[in-house]
Amino acid sequence: MTLFSFSRFWAILVKEFIQMRRDRLTFGMMMGVPLLQLLLFGYAINTDPKHLPAVAVVAENSAFARSLLRAMENTGYIRFIGAPVSEATADLMIRRGEVQFAVHIPPHFAEDIVRGKQPALLVEADATDPVATGNAVAALQGLDTMALIHDLKGPLADLQKDGAPFEVRLHKRYNAEGITQYNIVPGLMGVVLTMTMVMMTSLAVTRERERGTMENLLAMPVLPMEVMLGKILPYIVVGYVQVAIIVVAARYLFMVPLMGSLPLLSLAAIIFIAANLAVGFTFSTMATNQLQAMQMSVFFFLPSLLLSGFMFPFRGMPVWAQVIGEVLPLTHFLRIVRGILLKGNGWADIWPDMWPVITFLLLAAALAMIRYRRTLD
Amino acid sequence: MSDAVIDVQGLTKSFGDKRVVDDVSLRVGKGQIYGFLGPNGSGKTTTLRMLCGLLTPDAGSGSCLGYDIRRQAAEIKRRTGYMTQRFSLYEDLTIRENLSFVARLYALDRLNARVDAALEQLGLTSRQKQLAGQLSGGWKQRLALAACILHEPELLLLDEPTAGVDPKARRDFWDQIHALAGAGLTVLVSTHYMDEAERCHEILYIAYGRLIAKGTIKDVIATHNLATWSVEGPNLHLLSRELQQLPGVDTVAAFGTILHVCGHDEASLEKSIAPYRQRPELHWERSSPSLEDIFIQLMSGLDTNGLAAKR
């Protein structure tokens, strides 16, 4: 009895394989999750984002200015979206995250170059994510000596001799020192909420089914809406506690500046939390046991983590990955929370990222309600 | 019968291509205890679930407490207590917390008073702070019953409430059921125990999804008109095998040291056992069939008629 018995060991082994085969979803997840990781890490992630959107503010439309903007695009790191705009518009666009850079060509730029006055060219960068802007910034700074080399010929060639004909003055906004924590800590709020909220709710209904208490619940006169709200609300409270912990830690442990309004952050957080809970509730109506519910949560969490711009620059990803990323609530919440905390954004600034989260919430909640069965059929 | 609490016709339910309940019609009168009997997988649970709105019937219609079982499930749920086969209250809640939860779900007034009364009525007061998961089978069953009657339902549907419960607890449970029925509650209880069936006012026997016998126990026994002999003696297992081969003998079943020999054709049965009655070591006696004899007969009858598909 005490000796290792091959037959007993074999019995366990065979049983495990049979059970593995019966639980199709779990088996599918075991195959699917590595595949998903492979695709996301292999194809979607790029830590050297190119073609970052930029906008030009041109006070003087000279041949030099045009050459300069072209030279900037030729670095491959930036791409001007649309025609030059006014100062105010550029400021708004950078605050809302529509562009990563704003290039300001000052008045009398050409004249000052020709006179050898070395005019300053202002490049504003949204540096909330130091990784996203790092390489582009380096490339732009190298432009001063090269950009106008073809324009400054003949009598003007002398201007190239004693150093650069102009100076690139970089203004890193929102995170001047490029502190990684400024970007990560607020983002972590969204990541933590996604992970815990989806998982907790996905287990909530599945647990009832697995323990057999669902039958009793269904036999009593309770509406799906009542069950859903009753189950979701306690987790909203938990979510708020998490938000509070992260905000306090951000402020006092990591010294992240809190530029914007905390009530606005709370409002955005509640919508985001509700969206995640609705996803979890939908999962829990599909999973037959708690293990499956956990795996579904992972299947949702993984793309959220990788495609939202939390770990890797959003603008570095290929278009298909950005499209998926735009659907996920975490992507938008990251922009919202970074915008509020680091840029001091207000309601009008976060709205472009708020409505996708609200839409997602409504769709997920509707799906959950449809999937939640009032009978055992 | 205008005072029928349950009045359904042609209830049918299939899961996949398996017909679990097939054309079941029921009429259940007020204040009566109906025993719902039948082998495992015969469709008892499915029928109970259709009656309380947990499952939608594929075909058939009818009413429960005067409400349409298809369209007014919510009304039925409000007035019915359903006790599931498996304990389905929260094991990580105490007895009192479970009862309060149920009371709130039914939006009952005087919540604490009602919970106190239910605890008192079922003798759970001293244990109210215990977690439900730590209770033994008998106490869990009491708690489940308390939860079902908290909202003062008019109809109780009990799905094998006494499975795995000791005889003393079973007896107490049935005393409760009778007290409730005496107060006007209608009870439909499924069971495998014949002694429990005998405590019901009427019985319904279902096999392979079909209702094949109903009425009072007396009626059921009388209508089936089963000739029964009991025999005592040595080597009964050998005798049993021999008797089973004989014409007119439908079933032979051992009850301790006695064999019950049954057949629906009395003349044929008596002719067949005549030679055995001459044997001095065997003691034969004419007896009346038990409910169990009838059911075994019903089951074997179904098999030979080929009426029943495989489970």
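Residues numbered from 1 in each chain as written. Chains lettered and ligands numbered in written order. Predicted model: local features only at pLDDT ≥ 70, side-chain atom pairs only at ≥ 80, totals over all residues. Heavy atoms only, no water.

Q: Lay out the environment of Pro356 of chain A with the relevant residues and their values.
A: The residue Pro356 of chain A is located in helix α16 (residues 347-371) in this model. Once the C-alpha coordinates of Pro356 of chain A and Leu152 of chain A are considered, the two residues, 204 residues apart in sequence, prove to be 49 Å apart. (Helix = DSSP H or I, 4+ residues; strand = E, 2+ residues; numbered from the N terminus.)

Q: Can you break down the interface of chain B and chain A residue by residue, with the values?
A: Facing the 21 residues of chain B at the interface are 17 residues of chain A. Where chain B abuts chain A, roughly 1800 Å² becomes buried across the two surfaces, and 54% of that area is made up of carbon and sulfur atoms. For the chain B face of the interface with chain A, the top three residues by lost area are Leu54, Lys77 and Leu105 of chain B, together amounting to 31%. For the pair chain B and chain A, the interface holds 2 salt bridges. Ionic pairing is found between Arg49 of chain B and Glu215 of chain A, a salt bridge with its closest N-O pair at 2.9 Å. Summed over the shared surface of chain B and chain A, the result is 8 residue pairs in polar contact (both at pLDDT 80 or more). Mapped onto the side of chain B that touches chain A, the elements with two or more residues apiece are α2 (73-79) and α3 (95-105) of chain B. For the side of chain B that touches chain A, a count of residues per class yields 11 nonpolar, 4 polar and 6 charged. (Contact = heavy atoms within 4.5 Å. Buried area = accessible area lost by both parts, 1.4 Å probe. Salt bridge = Lys/Arg side-chain N within 4 Å of Asp/Glu carboxyl O. Polar contact = N/O pair within 3.5 Å; in protein donor to acceptor, adjacent residues only side chain to side chain. Nonpolar A, V, L, I, M, F, W, Y, C, P; charged D, E, K, R; others polar.)

Q: Can you break down the sheet that holds strand β3 (residues 101-105) of chain A residue by residue, with the values?
A: Residues and elements named next belong to chain A. In spatial order, the strands read β2-β1-β3-β4-β5; together these 5 strands make up an open sheet with mixed pairing. In this open sheet, the two edge strands, each paired with only one partner strand, are β2 (78-80) and β5 (167-173). Going from strand to strand, the sheet's axes swing by 30° on average, the running direction of each strand aside. In the sheet, strand β1 (residues 52-58) pairs with β2 via 3 bridges, with the strands oriented parallel. From the neighbouring strand, Pro53 faces β2, where its bridge partner is Arg79. Contacting β1, β2, β3, β4 (120-126) and β5, helix α6 (residues 130-141) crosses the sheet at an angle of about 20° to β3. (Pairing = 2+ DSSP bridges. Axes fitted to C-alpha atoms, helices over the stretch in contact; angles between N-to-C directions.)

Q: Residues and numbers for the packing of aromatic side chains, please.
A: Think of a pair of aromatic rings as described by two things: how far the centres are apart, and how the planes are tilted against each other in angle. Summed over all chains, the structure comprises 12 aromatic pairs over all chains. For the ring pair Phe6 of chain A and Phe9 of chain A, a centre distance of 5.6 Å and an interplane angle of 55° mean the geometry is tilted. Remark: Phe9 of chain A and Phe6 of chain A occur in helix α1 (residues 6-22); sequence separation between them is 3 residues, near one turn of the helix. Overall, Phe6 of chain A belongs to the exposed group, its relative accessible area being 56%. Ring plane angle 90° and centroid distance 5.3 Å describe the contact between Tyr90 of chain B and Phe101 of chain B, whose orientation is recorded as edge-to-face. Here Tyr90 of chain B, found in the loop between β6 (80-83) and α3, pairs with Phe101 of chain B, found in helix α3; they are 11 residues apart in sequence, far enough to count as distant. According to the relative accessible area criterion, Tyr90 of chain B is buried, its value standing at 14%. By relative accessible area, which is 24% here, Phe101 of chain B ends up partly exposed. Through successive ring pairs, a cluster of aromatic residues spans Phe4, Phe6, Phe9 and Trp10 of chain A. The ring centre of Phe87 of chain B lies 5.3 Å from the NZ or CZ of Lys140 of chain B, which sits over that ring. (Phe/Tyr/Trp six-rings, centres within 6.5 Å; stacked < 30°, edge-to-face > 60°. Buried < 20%, exposed > 50% of the residue type's maximum accessible area, 1.4 Å probe, protein only. Lys NZ or Arg CZ within 6 Å of the ring centre and 35° of its normal.)

Q: So what's going on with the pairing of β3 of chain A? Residues and values would help.
A: Residue and element names in this part refer to chain A. Within β3, 5 of the 5 residues are buried, which leaves the element mostly enclosed by the surrounding structure. Neither face of β3 is exposed, since Phe101, Val103 and Ile105 on one face and Ala102 and His104 on the opposite face are all buried. The sheet contact formed by β3 and β4 spans 4 bridges and is antiparallel. Its bridge partner being in β4, His104 is matched across the sheet by Leu122.

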